[in-house]
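# Overview (structure and organization)
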Amino acid sequence: MSYTDEMYTNMAIQANETGKVLYVVNGELELNEPDYYICTEGTNETDGTLNPEFGKPSKNQQIEELKAQLFELDQKRIRAVCEPELKDADDGGTWLEYYNFKILELRTKLGELQ
């Protein structure tokens, strides 16, 4: 399809307003999310190949999420120290032991990302 300058400008404005990206997919203009397609290096031209990493949280996002989870578990662990009670009466496991184990798991994941 042949695009006029006005059509291209309108799509570029729409992309800017919505935070989307204007791609050239096999010669056709398309608005989509950033990093939706794998593009020719340094351009927004693509043959339509989808980016397999699209929608996955970035490494920094994963790190921040793990830190938030650690903070939440630390708060629960503090309470578990002050109010000791059993989590599982059958094996005698306490909430403190449970939270310590969960925190260890998250710190291991965090260490792998950093």
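Here's a quick rundown of the structure.

Rules used in this analysis
Residues numbered from 1 in each chain as written. Predicted model: local features only at pLDDT ≥ 70, side-chain atom pairs only at ≥ 80, totals over all residues. Heavy atoms only, no water. Core = buried A, V, L, I, M, F, W, Y, C linked by side-chain atoms within 4.5 Å. Buried < 20%, exposed > 50% of the residue type's maximum accessible area, 1.4 Å probe, protein only. Helix = DSSP H or I, 4+ residues; strand = E, 2+ residues; numbered from the N terminus. Contact = heavy atoms within 4.5 Å. Patch = residues over 30% accessible without salt bridge, like charges linked within 9 Å, V, L, I, M, F, W, Y side chains within 5 Å. Areas by Shrake-Rupley, 256 points an atom, 1.4 Å probe, with all protein chains shown as cover. Salt bridge = Lys/Arg side-chain N within 4 Å of Asp/Glu carboxyl O. Lys, Arg positive; Asp, Glu negative; His and termini not counted. Charge placed at Lys NZ, Arg CZ, Asp CG, Glu CD. Pairing = 2+ DSSP bridges. Axes fitted to C-alpha atoms, helices over the stretch in contact; angles between N-to-C directions. Parallel < 35°, antiparallel > 145°, perpendicular 65-115°, else oblique. Left-handed = near helix turned anticlockwise from the far one by under 90°. Nonpolar A, V, L, I, M, F, W, Y, C, P; charged D, E, K, R; others polar.

Residues I63, L66, L70, L73, A80, Y99, I103, L106, L110 and L113 constitute the largest nonpolar core, which totals 10 residues. Secondary structure elements with two or more residues in this core: α2 (59-82) and α3 (95-113). The residues contacting L70, other than those within four sequence positions of it, are I103, L106, R107 and L110. With five residues, the next largest nonpolar core counts M11, A15, L22 and L29 among its residues.

Among the surface-exposed residues, D88, D90, D91 and E97 lie close enough to one another that they form a single negatively charged patch. You can see D90 is positioned in the loop between β4 (86-88) and β5 (93-94).

This part is about the sheet that holds strand β2 (residues 28-32). If you trace the three strands from one edge of the open sheet to the other, you get β2-β1-β3, paired in mixed fashion. Since the sheet does not close on itself, it has two edges, and those belong to β2 and β3 (45-46), each with one partner. With five bridges joining them, strand β1 (residues 21-25) and β2 adopt antiparallel strand pairing. By the bridge assignment for β2, V21 is matched with N32.

What follows covers unusual backbone geometry. Unlike most non-glycine residues, N26 shows phi in positive territory, near 50°. Relative to the assigned elements, N26 resides in the loop between β1 and β2. On the basis of relative accessibility, which here comes to 57%, the residue N26 falls in the exposed class. A positive phi angle, near 65°, is found at D35, a position not held by glycine. Tracing the backbone through its elements, the reader meets D35 in the loop between β2 and β3.

Let us look at the packing of α2 against α3. Here α2 crosses α3 at 160°, and the two axes come no closer than 9 Å. Classified by the interaxial angle, the pair formed by α2 and α3 is roughly antiparallel. The element α2 and its partner α3 pack so that their crossing is left-handed. For the contact of α2 with α3, the per-class residue count stands at 13 nonpolar, three polar and eight charged.

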